[in-house]
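Reading the structure
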Amino acid sequence: MSDNTIAVVTGAGSGIGRAITLALAARGDRVVAADLDLDAAKRTAEQQPDRIVAMKVDIADAAQVQALRDQVHAEVGVPNILVNAAGWDRTDTFLNATPEFAQKVVAINYLGPVHMCSAFLPGMVEAGGGRVVNLASDAGRVGSSGETIYAGAKGGVIALTKSLAREMARYSITVNCVCPGPTDTPLFQAQDEKLKQALIQAIPFRRLARPEEVAAPALFFASPDASFITGQVLSVSGGLTMAG
């Protein structure tokens, strides 16, 4: 893109969010790498310090998100691109889930993108256009044992994407969603070893996705080439979930 393109990416300290941040910067965008772990975001920014600035945010906290927006507007400018890549989960059965766990999963994975969109969309509307890319999960498309609450939250992100796309089209803002399958990220590596191996064997390619492979469609949705595409949900799962 260009120096005039400003992107905000959450979850930019590691995994898919980091890959998206670096790819946006590599194509010439200025990028705010936002993460709960500021040190991790700074390590991402160090890869391309002339293009990336690190900022801290807890997306589950609406007040922190609003403070992030004010900081971004004051120090960088009004973003043209918002990528909601931050997420969190822990694999366990639904019957073992506590109310506190459920609230945390929903606060991060669903309300986090809601807070970010609420904070940054008005600036895009005033500027006359923009791109929103949400990272959901194939768990939200087809379900996933041991991730029921997470799947529900990510299903909410898919519905949020489609509904926002309808509302934002009149403002020339596209809203699309990328749904990764099992991907080689710190979140995946923290799972039970037997579960990890079972998932890998279920993927037709017999391997995990690389974060860069998930970043690629996110970059497409955030590009001028996707100007007439909105409300779409794209699975990146190596064929694991071909239907649904």
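Residues numbered from 1 in each chain as written. Predicted model: local features only at pLDDT ≥ 70, side-chain atom pairs only at ≥ 80, totals over all residues. Heavy atoms only, no water.

An unreviewed UniProt entry lists the protein under the name 3-oxoacyl-[acyl-carrier-protein] reductase FabG, with Nocardia cerradoensis as the source organism. A UniProt comment under Sequence similarities (unreviewed entry) is attached to the protein, and it reads "Belongs to the short-chain dehydrogenases/reductases (SDR) family." (UniProt positions renumbered as here; feature names shortened; annotations may be inferred.)

**What to know about empty space enclosed by the protein**
Evaluated as defined, the whole model comprises 1 cavity of 30 Å³ or more. Of the voids in this model, the largest cavity is the one considered here, and its volume is about 50 Å³. What lines the largest cavity is Asp 89, Arg 90, Asp 92, Thr 93, Phe 94, Ala 97, Phe 101, Gly 146, Glu 147, Thr 148 and Ile 149. Looking at the lining of the largest cavity, its residues break down into 4 nonpolar, 3 polar and 4 charged. (1 Å grid on protein atoms, 1.4 Å probe; cavity = no way out; pocket = protein on both sides within 12 Å on 5 of 7 lines; lining within 4 Å. Points joined across faces, edges and corners; volume = space filled by probe spheres on them. Nonpolar A, V, L, I, M, F, W, Y, C, P; charged D, E, K, R; others polar.)

**Focus on the nonpolar core**
Grouped together as the largest cluster of nonpolar side chains are 29 residues, with contacts concentrated most on Val 9, Ile 20, Leu 24, Val 83, Val 133, Leu 135 and Val 178. Looking at this core, the elements with two or more residues in it are β1 (6-10), α1 (15-26), β2 (30-35), α2 (38-45), β3 (52-56), β4 (81-84), β5 (130-135) and α9 (211-221). For this core, the element with the highest residue contribution is α1, accounting for 6 residues. If we ignore the near neighbours within four places in the chain, the residues touching Val 83 are Val 8, Val 9, Thr 10, Ile 20, Leu 24, Val 133 and Leu 135. Counting residues in each nonpolar core, the second largest holds 27 residues, with Val 8, Ala 86, Met 116 and Met 124 among its members. (Core = buried A, V, L, I, M, F, W, Y, C linked by side-chain atoms within 4.5 Å. Buried < 20%, exposed > 50% of the residue type's maximum accessible area, 1.4 Å probe, protein only. Helix = DSSP H or I, 4+ residues; strand = E, 2+ residues; numbered from the N terminus. Contact = heavy atoms within 4.5 Å.)

**Here we look at the pattern of salt bridges**
Taken as a whole and assessed by the stated rule, the structure comprises 5 salt bridges. For the salt bridge of Asp 70 with Arg 69, the shortest nitrogen-to-oxygen distance reads 3.1 Å. Residue classification places Arg 69 among the partly exposed residues on the basis of a relative accessible area of 23%. Asp 138 is the partner of Arg 141 in a salt bridge, and the nearest nitrogen-oxygen pair spans 2.9 Å. Separated by 3 residues within a single helix, Arg 141 and Asp 138 lie in helix α5 (residues 138-142), roughly one turn from each other. Assessed through its relative accessible area of 5%, Asp 138 is described here as buried. Here the salt bridges do not stand alone but share partners, grouping Arg 207, Arg 210 and Glu 213 into one network. (Salt bridge = Lys/Arg side-chain N within 4 Å of Asp/Glu carboxyl O.)

**Structural notes on the environment of Val 214**
Residue position: Val 214 is located in helix α9. In this structure the C-alpha to C-alpha distance between Val 214 and Asp 37, which are 177 residues apart in sequence, comes to 22 Å. When neighbours within four sequence positions are excluded, Val 214 is seen to be in contact with Ile 16, Leu 135, Val 178, Pro 180, Thr 183, Ala 209 and Val 236.

**With respect to α1**
Between its first and last C-alpha, α1 extends 17 Å over 12 residues, near the 16 Å set by a 1.5 Å rise per residue. Extensive coverage of α1 is indicated by the burial of 9 of its 12 residues. Taken as a whole, α1 has its buried residues at Gly 15, Ile 16, Gly 17, Ala 19, Ile 20, Thr 21, Leu 22, Leu 24 and Ala 25. Positive backbone phi, at 110°, marks Gly 28, one or two positions downstream of α1. (Expected span 1.5 Å × (residues − 1).)

**Notes on the packing of α1 against α9**
Axis separation between α1 and α9 bottoms out at 8 Å; the angle between their running directions is 55°. Accordingly, the angle class assigned to the pair α1 and α9 is oblique. In this structure, the crossing between α1 and α9 has a hand that is right-handed. Taken together, the residues of α9 that come into contact with α1 (itself represented by Gly 15, Ile 16, Ala 19, Ile 20, Ala 23 and Leu 24) are Pro 211, Glu 212, Val 214, Ala 215, Ala 218 and Leu 219. Grouping the constituent residues of the contact of α1 with α9 by class yields 10 nonpolar, 1 polar and 1 charged. (Axes fitted to C-alpha atoms, helices over the stretch in contact; angles between N-to-C directions. Parallel < 35°, antiparallel > 145°, perpendicular 65-115°, else oblique. Left-handed = near helix turned anticlockwise from the far one by under 90°.)

**Thoughts on the sheet that holds β3**
In spatial order, the strands read β3-β2-β1-β4-β5-β6-β7; together these 7 strands make up an open sheet with parallel pairing. Every other strand in the sheet has two partners, leaving β3 and β7 (233-236) as the edge strands with one partner each. With direction set aside, neighbouring strand axes in the sheet form an average angle of 20°. Strand direction decides the pairing type here: strand β6 (residues 173-180) and β7, joined by 4 bridges, are parallel. Bridge pairing links Cys 179 to Ser 235 in β7. (Pairing = 2+ DSSP bridges.)

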